[in-house]
Amino acid sequence: MSDHDSHKLSFVQRYIFSQDHKVIGIQYAITALCFMFLGLVLMMLMRWQLAYPGADDPSIPIFGKLLKNALPGGKLTPELYNSLGAMHGTIMVFLGVVPLAVGAFGNYLVPLQVGAGDMAFPKLNMSSYWAFFIGGVVMLSSFLMPGGAANSGWTSYPPMADIAQGGLSAQFSTRLLSGQSFWLIGMVFLISSSLLGSINTIVTIIQLRVKGLTFMRLPFMVWAQLVTAFLLLLAFPPLEAAGLMQLADRLVGSNFFLPAGLVVTGEAVGRVGGGSPLLWQHLFWFLAHPEVYVLILPAMGIVAEIIANNTRKPLRGYKSMVYSILFLGFMSFIVWAHHMFLTDMGTVISAFFQTTTMIISIPSVVVITAMVLSLWGGSIRFTTPMLFALAFLPMFGIGGLTGLPLGLAATDVHLHDTYYVIGHFHYVVAPGTILALFGGIYYWFPKATGRKMSDVLGRIHFWPTLICLNVIFFPMFIQGMAGVSRRLFDGGATYTHAQPVMWTNKVMMMGAWTLALVQIPFIFNFFWSIRHGRKVGPNPWEATTLEWAAPSPPIPHGNFETPPVVYRDAYAYSQPGCAKDYLPQNEPEVG
């Protein structure tokens, strides 16, 4: 559709139920950022509770008064603490990071980077966003249910999740209108959204590449999105089936995950039997470990683009990076049971999964090493996006290295279900992936708006954010090695072995509340720059990939003024005999 035709669309067609991949990408971005901020607020509440767990300790500031009906005396109840923990994990992973990394960056950039005018299936693309939005609304509305939001953890393990909030004995309406049931219904919508989006991404990359854009000329970002889409397409259906099975257990009396001999509050439950709680764990982790790479692969793609552009040289080992993430995607499907070493699988199966876990660390090391080597000899520009990209490298390194003890059955026995696990996962996702996503926002903001964000505010945002993330998550390793279990309402105050490390809860609380404050410069910078940021041309970073050949912002429903043709690899920086230090993919050969 031409630009002229797009003006005939109503406001609702152009901006609400849009079929333009760029508008949909922005919808994903704004919605996901709002959800992530809510997840941060939940973390602030939990961290205050853990820092001050006693009855005589100060009540939660600001929120204690705002939520006086939900927080008696300005404090969390144990039940509400469990709900906040379950919803924080769910919101940050399924409503925040994945929609931002895949839905926003993938939707906006993949068609541009392959030279396409739009996604292969625009209506399917629109449907994927609205399925995501509905799923998020259903998830959040669970806070309004009589028993509160889901409180069985973000993993929703049965039999606890099946029997929670009247799951067996209550009236059907009570079981349906419960936080746990809404959690399952919301997950079905979110998974359906991811399946629709992944199909679209795969077809777009394979079928809509412009002339000359062979697979080995694709930007690394596109490769990362392609592998991510396959992970979503293949790993999410088992969890969607499991969610429907658990919903059936709660609502219609089935026994997929309810074993015989189940005892609840001292009384045997007669109608259950034949189910397996471990079946849920297998189905859940078959998705949830590939999900780790769904979180990290788009971040790697973003960082690769920023590093290549700001070192002014090609990525070192581009082909090895591509082959590594392809291998990583395959291996991610045969490591899931390292989350289940304590389920008595047997030594042979445990040995298999710890071996595959060690093997899957190799491709990640190859990718990170290639990025580090790309810095060597580069004329590095320390722009705001580059600061976030550089910070990603050691943060992800810490997350990866601390995961190795969890992949070995012998050490996992001690560390399992402690704060060490929380620290490891968050270093991958928070100081790792989220820093990369911030870098991507600063880097591609000019493409979406035609204006640059403020570098001064960007640096004010970057440094405190980096420091606070480490203040929050590094002490978790100390707590975990001391044996402090996660999901404790009082943070371990009633356990003797936790006393030497209890002081770290106050440190982490201060880091969490400060982290929220230092997001204010980013929020102001983001919205202020839309109207008042410095205007720039179509290629302000002097980059080589195809999205920078389109106007800024790109043409609605078409992107490019004329269809581009690709003549070279994605990262033709500092080429011999070239008058400038970059040669875009769409410019004809020199000489």
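This part takes up the overall build of the protein. When you go through the protein residue by residue, the secondary structure sums to 19 helices and four strands. Scaling as 2.2 N^0.38, a compact globule of 591 residues should have a C-alpha radius of gyration of about 25 Å, and the protein matches this with 24 Å. Counting only C-alpha atoms, the protein reaches 85 × 55 × 50 Å along its principal axes. Across the 591 residues in the protein, those meeting the buried criterion constitute 58%. Within the protein, contacts between residues separated by at least 24 positions form 78% of all contacts whose residues are at least 6 apart in sequence. Of the roughly 23,000 Å² of accessible surface on the protein, a fraction of 69% belongs to carbon and sulfur atoms. For the protein, the separation between the mean place of its 31 positive charges and that of its 25 negative charges on side chains is 8 Å.

Next up on the list: the nonpolar core. Formed by 182 residues in total, the largest nonpolar core has its most connected members in Phe220, Met300, Met371 and Phe392. When sequence neighbours within four positions are dropped, the list of residues in contact with Met371 reads Phe220, Met300, Val303, Ala304, Ile307, Met321 and Leu393. By size, the runner-up hydrophobic cluster in this structure holds five residues, among which are Leu168, Leu258, Leu262 and Val269.

This paragraph deals with the packing of aromatic side chains. A full pass over the atoms with the stated rule returns 45 aromatic pairs. Relative to Trp444, the ring of Phe105 has its centre 6.1 Å away and its plane inclined at 65 degrees; by these criteria the two rings are edge-to-face. Here Trp444 lies in helix 16 (residues 419-449) and Phe105 lies in helix 5 (residues 78-114), a separation of 339 residues in the sequence. Like Trp444, Phe105 is buried. Between Phe388 and Tyr442, the aromatic rings sit 5.5 Å apart at their centres with planes inclined by 20 degrees, giving stacked as the arrangement.

Under the 1.5 Å per step criterion, the end-to-end length of helix 12 (residues 318-331) is 20 Å for 14 residues, consistent within 8% with the ideal 20 Å. Listing the buried residues of helix 12 in full gives Tyr318, Met321, Val322, Ser324, Ile325, Leu328, Gly329 and Met331. For helix 12, the secondary structure elements touched by its buried residues are helix 10 (220-251), helix 11 (277-311) and helix 13 (347-375).

Next up on the list: the side chain of Gln479. Structurally, Gln479 is set in helix 17 (residues 455-481). By relative accessible area, which is 0% here, Gln479 ends up buried. Those residues in contact with Gln479, other than ones at most four positions away along the chain, are Tyr419, Val484, Val501, Thr504, Asn505 and Met508.

This part is about the pattern of salt bridges. Applying the stated rule across the entire model yields six salt bridges. In this structure, Asp20 engages Lys22 in a salt bridge whose closest nitrogen and oxygen atoms are separated by 2.9 Å. There is no split in this pair, since Asp20 and Lys22 are both buried. Glu542 is the partner of Arg312 in a salt bridge, and the nearest nitrogen-oxygen pair spans 3.9 Å. Here Arg312 is found in the loop between helix 11 and helix 12, whereas its partner Glu542 is found in the segment after strand 4 (534-535), with 230 residues between them in sequence. Arg312 gets classed as buried once you look at its relative accessible area, which sits at 5%. Relative accessible area serves as the criterion here: at 34%, Glu542 is assigned to the partly exposed category. Linked by salt bridges that have partners in common, Arg312, Glu542 and Asp581 make up one network.

Cis geometry marks the peptide bond from Pro158 to Pro159, where omega comes out at 5 degrees. Mapped onto the elements, Pro159 comes out in the loop between helix 6 (122-141) and helix 7 (160-163). Residue Pro553 follows Ser552 across a cis peptide bond; omega there is -5 degrees. Note on placement: Pro553 falls in the segment after strand 4. The phi angle at Ile62 is positive, at roughly 65 degrees, despite the residue not being glycine. Relative to the helices and strands, Ile62 is located in the loop between helix 3 (21-51) and helix 4 (63-66).

Position of Leu435 relative to the elements: it lies in helix 16. Residue class for Leu435 comes out buried when judged on its relative accessible area of 0%. Each C-alpha atom of the pair Leu435 and Phe473 lies 14 Å from the other, and the pair is 38 residues apart in sequence. The contacts of Leu435, once residues within four sequence positions are left out, are Phe388, Ala391, Met395, Ala430, Thr465, Leu466 and Leu469.

Helix length check: helix 9 (residues 179-207), at 29 residues, gives a terminal C-alpha distance of 42 Å against a target of 42 Å (1.5 Å per residue), a fit within 8%. Of all 29 residues that make up helix 9, 21 are buried, and the element is covered over most of its length.

Before going further, it helps to examine the packing of helix 14 (residues 384-403) against helix 17. Where helix 14 meets helix 17, the axes come as close as 10 Å, and the angle between the chain directions of the two elements is 10 degrees. Judged on the interaxial angle alone, helix 17 and helix 14 are roughly parallel. Contacts from Thr384, Leu387, Phe388, Ala391, Met395, Ile398 and Thr402 in helix 14 reach Asp455, Gly458, Arg459, His461, Phe462, Trp463, Leu466, Asn470 and Phe477 in helix 17.

Turning our attention to the environment of His88. When you line up the elements, His88 lands in helix 5. With relative accessibility at 12%, the residue His88 sits in the buried group. Expressed as a C-alpha distance, the spacing of His88 and Pro363, which sit 275 residues apart in the sequence, is 30 Å. Not counting the four nearest positions on each side in its chain, His88 is found in contact with Gly39, Leu42, Met43, Met46 and His426. Within the structure, His88 has its side chain in polar contact with the backbone oxygen of Gly39 (distance 2.9 Å).

Looking now at the side chain of Asn200. When you line up the elements, Asn200 lands in helix 9. Of note is the side chain of Asn200, whose polar atom sits 3.5 Å from the backbone nitrogen of Ala120. Among the polar contacts made by the side chain of Asn200, one reaches the main-chain carbonyl oxygen of Phe121 at a distance of 2.8 Å. Discounting residues that sit within four places of it in the chain, Asn200 has contacts with Met119, Ala120, Phe121, Leu124 and Asn125.

What counts, and at which threshold
Residues numbered from 1 in each chain as written. Predicted model: local features only at pLDDT ≥ 70, side-chain atom pairs only at ≥ 80, totals over all residues. Heavy atoms only, no water. Helix = DSSP H or I, 4+ residues; strand = E, 2+ residues; numbered from the N terminus. Rg over C-alpha atoms; globule rule 2.2 N^0.38 Å. Buried < 20%, exposed > 50% of the residue type's maximum accessible area, 1.4 Å probe, protein only. Contact = heavy atoms within 4.5 Å. Areas by Shrake-Rupley, 256 points an atom, 1.4 Å probe, with all protein chains shown as cover. Lys, Arg positive; Asp, Glu negative; His and termini not counted. Charge placed at Lys NZ, Arg CZ, Asp CG, Glu CD. Core = buried A, V, L, I, M, F, W, Y, C linked by side-chain atoms within 4.5 Å. Phe/Tyr/Trp six-rings, centres within 6.5 Å; stacked < 30°, edge-to-face > 60°. Expected span 1.5 Å × (residues − 1). Salt bridge = Lys/Arg side-chain N within 4 Å of Asp/Glu carboxyl O. Axes fitted to C-alpha atoms, helices over the stretch in contact; angles between N-to-C directions. Parallel < 35°, antiparallel > 145°, perpendicular 65-115°, else oblique. Polar contact = N/O pair within 3.5 Å; in protein donor to acceptor, adjacent residues only side chain to side chain.

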